[in-house]
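A structural walkthrough
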Amino acid sequence: EEIDNKLDEMVEDGTLEHIIEAYLQTQKIYKTHSEMIADSENLVDGLNIQTLGYYSENDGGGAFYYVTDTQNSSLYQEQVGDLYITLLNKEFINIEVFGAKKDDETFDNGVVFSNVLDFFGDKNTTILLQNGTYYFTSCVLFSKNVKLWGKENTILLFRDVSSGYLFSSTDDTSPTSDSSPSTLS
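It should be emphasised that the depicted structure is a prediction, and the values quoted were computed from it without experimental measurement.

Right, let's get into the side chain of Thr 32. Tracing the backbone shows Thr 32 in the loop between strand 1 (27-30) and helix 3 (33-38). We classify Thr 32 as buried; its relative accessible area is 11%. Here Ser 34 takes part through its side chain, which lies 3.3 Å from a polar atom of the side chain of Thr 32. Polar side-chain contacts of Thr 32 include one of 3.1 Å to the backbone nitrogen of Glu 35.

Sheet architecture is open: five strands sit in the order 1-2-3-5-4, paired in mixed fashion. The strands lining the two open edges of the sheet, one partner per strand, are strand 1 and strand 4 (77-80). Looking at each pair of strands side by side, their axes are set apart by 25 degrees on average, direction ignored.

Turning our attention to the pattern of salt bridges. Throughout the structure, instances matching the rule amount to four salt bridges. Note that Lys 28 and Asp 39 form a salt bridge whose closest N and O atoms lie 3.6 Å from each other. Remark: Asp 39 occurs in the loop between helix 3 and strand 2 (48-51) and Lys 28 occurs in strand 1; sequence separation between them is eleven residues. Given the relative accessible area of 28%, Lys 28 is considered partly exposed. A salt bridge links Lys 102 to Glu 96; the nearest nitrogen and oxygen atoms lie 3.2 Å apart. Residue classification places Glu 96 among the buried positions, given a relative accessible area of 2%.

Averaged over all residues, the pLDDT of the protein is 81; the fraction at 70 or higher stands at 81%. Contacts from residues 168-185, a stretch scored under 50 in pLDDT, to residues over four places away or in other chains number 39 contacts.

According to the stated counting rule, one finds ten aromatic pairs in the structure shown. Ring plane angle 75 degrees and centroid distance 4.8 Å describe the contact between Tyr 54 and Tyr 55, whose orientation is recorded as edge-to-face. Judged by relative accessible area, Tyr 54 falls into the buried class, the value being 19%. Their ring planes at 75 degrees and their centres at 5.9 Å tell us that Phe 98 and Phe 120 sit as a pair that is edge-to-face. Placement of the pair is Phe 98 in the loop between strand 6 (93-94) and helix 4 (109-120) and Phe 120 in helix 4, with a sequence separation of 22 residues. The exposure classification of Phe 98 matches that of Phe 120, with both residues buried.

Moving on, we get to the sheet that holds strand 6. Pairing is parallel in the open sheet, where three strands are placed in the order 6-7-10. Two strands bound the open sheet, and with one partner strand each, they are strand 6 and strand 10 (146-150). In the sheet, strand 6 pairs with strand 7 (residues 125-129) via two bridges, with the strands oriented parallel. Within the sheet, the bridge partner assigned to Asn 94 lies in strand 7 and is Leu 128. Against the sheet, helix 4 contacts strand 6, strand 7 and strand 10, and its axis sits at roughly 160 degrees relative to strand 7.

Let us look at the pairing of strand 11 (residues 154-158). Burial within strand 11 is extensive, with four of its five residues counted as buried. Both strand 8 (residues 132-136) and strand 11 contribute to a ladder of five bridges, which runs parallel. Looking at strand 11, one finds that Tyr 134 is bridged to Leu 156.

Next up on the list: the pairing of strand 2. Burial of strand 2 is one-sided: the residues Ile 49 and Thr 51 facing one way are buried, the residues Asn 48 and Gln 50 facing the other way are not. Strand direction decides the pairing type here: strand 1 and strand 2, joined by four bridges, are parallel. Note that in strand 2 the partner of Ile 29 across the bridge is Gln 50. Each parallel crossover has a hand, and the one from strand 1 via helix 3 to strand 2 is right-handed.

Cut-offs and rules
- Residues numbered from 1 in each chain as written.
- Predicted model: local features only at pLDDT ≥ 70, side-chain atom pairs only at ≥ 80, totals over all residues.
- Heavy atoms only, no water.
- Helix = DSSP H or I, 4+ residues; strand = E, 2+ residues; numbered from the N terminus.
- Buried < 20%, exposed > 50% of the residue type's maximum accessible area, 1.4 Å probe, protein only.
- Polar contact = N/O pair within 3.5 Å; in protein donor to acceptor, adjacent residues only side chain to side chain.
- Pairing = 2+ DSSP bridges.
- Axes fitted to C-alpha atoms, helices over the stretch in contact; angles between N-to-C directions.
- Salt bridge = Lys/Arg side-chain N within 4 Å of Asp/Glu carboxyl O.
- pLDDT = per-residue confidence, 0-100.
- Contact = heavy atoms within 4.5 Å.
- Phe/Tyr/Trp six-rings, centres within 6.5 Å; stacked < 30°, edge-to-face > 60°.
- Right-handed = clockwise from strand over helix to strand, strands pointing away.

Here it is, written out as structure tokens:
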């Protein structure tokens, strides 16, 4: 009853309406990552953002971000002007949030994986791979701190890798030279 009385009081004096209005103004939803970046003049410190996809809506690359004016090297951030768009991490890193594409034979996922591993490689990280085939034409350097977790039908297909290796590791393990599909389970 005490809570109800306080809420009634907040409704009467306009406080609750102000709180709801402020909350709604700090939320933005974009269809894609590039739409979010293109709207840089409307990004402000404290803004919470959701993208519904990376390249297109519902492509599996949607994510949650917040905008801050403070750089933090332990978080994954993209600088846009004087602000930093900060990815809100969950237990797993969804590789598609960073632009990886599954089932696209013309796309080299090696570049995306390398960029993600450059940032997260020194952290104990698990990268989530969705069902589908991820194609690679470039070598990827993995760290022993990074685990790949693929769903039942996840395939990494390395083709025409110029180095002759599927992948390399930063530990003392020799790389494997093979052009057949690698399936994760």
